[in-house]
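# Structural overview
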Amino acid sequence: MYQQLVTHNGKFHADDVFASVILTQLFPELPLVRTRDEQITNNKNNFVYDVGGGEFDHHGIDDQRQHENGVPMAAFGLIWQKFSETYLKKMMPDIAPDLIMKTKLNVEKSFIIGIDALDNGVSTYQSPAFTISDAINDFYDEDHELESFKRAITFAKGVLDNRIYKTIAKLIAEKDVIDNATFISDEILLLPVSGPWKDYVEQFDKCRFVVMPRKDGNWMIQGVPVSHGSFEVKQPLPQLDRPWIIFIHRTGFMGVVDTKEHALLLAKSLVDNV
């Protein structure tokens, strides 16, 4: 069994902080040490990461480990790859195995790759807005390194766990949507329940409109994006004047009507008139 968790001292970054979130939860009995002392980092009885040149340090010149999209792995990605399934089971003991794998891959793709990219200087992932990495860096206090590092871990744990819980909720809701989805035609998908649908619809090139209920009792017709994450839709809704149309967004990406029948009528008329 390991004697202590060991990572580097000095300036910390999002990758070693988030890696520490996972490790401190899985090994709560181990003290956390921040040092570059080689007697400690080379000790095989210590769990060493982001320093020391071992399995969980990514700073070697010849390190070729990368995510599926080619982004080099940092400490966070390496720890996630090894321990994510155990971490997820600890968070939610009753979670189904298939949901664990889907959550692992989804969180890696949507969150972890971005952290690793920034730590490795892959500027493609640099956002002009305030990033998680910026928030982590703000905790750093040179005069109180360990205390500020622990505060950063507490902050990062909330961010990571919230991302995991939201991902699982989305995957469960998405399955409900898929199980109840009906194609009225190749161009129109009817959803009798509301929920995330865009990732599912992306695989159907011809689909242009999705019809679904709203919580207020009305129905919505929404255009399908031209590509993943795009705000542009394949066929915008025109501004029409009908007594049963409640609202059409000025960009045409969605509209609200009073009933399912009118929503389907609108969708079919738009498809037929192209």
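This text follows the structure it describes.
Residues numbered from 1 in each chain as written. Predicted model: local features only at pLDDT ≥ 70, side-chain atom pairs only at ≥ 80, totals over all residues. Heavy atoms only, no water.

### Overview of the overall build of the protein chain
For the protein chain, the count of helices and strands is 8 helices and 9 strands. Expressed as lengths along the three principal axes of its C-alpha atoms, the size of the protein chain is roughly 75 × 40 × 35 Å. Here the protein chain holds 274 residues, and the buried ones make up 44% of them. Contacts in the protein chain between residues at least 24 apart in sequence constitute 59% of all its contacts with a sequence separation of at least 6. In the form shown here, the protein chain has an accessible surface area of approximately 14800 Å², with 51% of it arising from carbon and sulfur atoms. (Helix = DSSP H or I, 4+ residues; strand = E, 2+ residues; numbered from the N terminus. Buried < 20%, exposed > 50% of the residue type's maximum accessible area, 1.4 Å probe, protein only. Contact = heavy atoms within 4.5 Å. Areas by Shrake-Rupley, 256 points an atom, 1.4 Å probe, with all protein chains shown as cover.)

### Observations concerning the pairing of strand β7 (residues 219–223)
Of all 5 residues in β7, 5 are buried; the element is thus mostly enclosed. Burial along β7 is two-sided: the residues Trp-219, Ile-221 and Gly-223 and Met-220 and Gln-222 are all buried. Bridge count between strand β6 (residues 209–213) and β7: 5 bridges; the pairing is antiparallel. Following the sheet pairing, Met-212 is matched in β7 by Met-220. Here β6 folds back onto β7 in antiparallel fashion, the turn holding 5 residues, of which Gly-217 has a positive phi close to 95 degrees. As paired elements, β7 and strand β9 (residues 254–257) share 4 bridges and run antiparallel to each other. Along β9, the bridge assignment pairs Trp-219 with Val-257. (Pairing = 2+ DSSP bridges.)

### Focus on the pattern of salt bridges
Counted under the stated rule, the structure contains 7 salt bridges. Close ionic contact of Glu-85 with Lys-104 constitutes a salt bridge, the shortest N to O distance being 3.3 Å. With Glu-85 in helix α3 (residues 75–91) and Lys-104 in helix α4 (residues 97–119), this pair connects stretches of sequence that are 19 residues apart. Note that Asp-161 and Lys-157 form a salt bridge whose closest N and O atoms lie 2.6 Å from each other. Within this pair, Asp-161 and its partner Lys-157 are both found in helix α6 (residues 145–180), separated by 4 residues, close to a single helical turn. (Salt bridge = Lys/Arg side-chain N within 4 Å of Asp/Glu carboxyl O.)

### Some thoughts on the sheet that holds strand β2 (residues 32–34)
Remark on secondary structure: sheet strands pair via backbone hydrogen bonds, oriented parallel or antiparallel. Reading across from one edge, β2-β1-β3 is the order of the 3 strands in this open sheet, with parallel pairing throughout. Because the sheet does not close on itself, it has two edges, and the strands there are β2 and β3 (47–48). In the sheet, strand β1 (residues 5–7) pairs with β2 via 3 bridges, with the strands oriented parallel. Paired with Thr-7 across the bridge in β2 is Arg-34. Packed on one face of the sheet, α6 meets β1 and β2 and runs near 125 degrees to β2. (Axes fitted to C-alpha atoms, helices over the stretch in contact; angles between N-to-C directions.)

### Quick look at helix α8 (residues 260–272)
End to end, α8 covers 18 Å across 13 residues, agreeing with the expected 18 Å (1.5 Å per residue, within 8%). The complete set of buried residues in α8 reads Ala-263, Leu-264, Leu-266, Ala-267, Leu-270 and Val-271. For α8, the buried positions fall inside an angular range of 160 degrees around the axis, keeping them on one side. Structural note: α8 exposes Glu-261 and Asp-272 on the side pointing more than 90 degrees away from its buried face. Where the residues of α8 are buried, they touch β5 (188–190), β6, β7 and β9. (Expected span 1.5 Å × (residues − 1). Arc of directions from axis to C-beta.)

### A word on α3
Taking 1.5 Å per residue as the helical rise, α3 with its 17 residues ought to reach 24 Å, whereas the 21 Å between its terminal C-alpha atoms falls clearly short. Phe-83 marks where α3 bends most, by close to 65 degrees. Turning to α3, its buried residues number three or more, namely Ala-75, Phe-76, Gly-77, Leu-78, Ile-79, Trp-80, Phe-83, Ser-84, Tyr-87, Leu-88 and Met-91. Taken together, the buried residues of α3 touch α1 (14–26), β3, α4 and α6. (Bend = angle between axes of the 7 residues up to and from the residue.)

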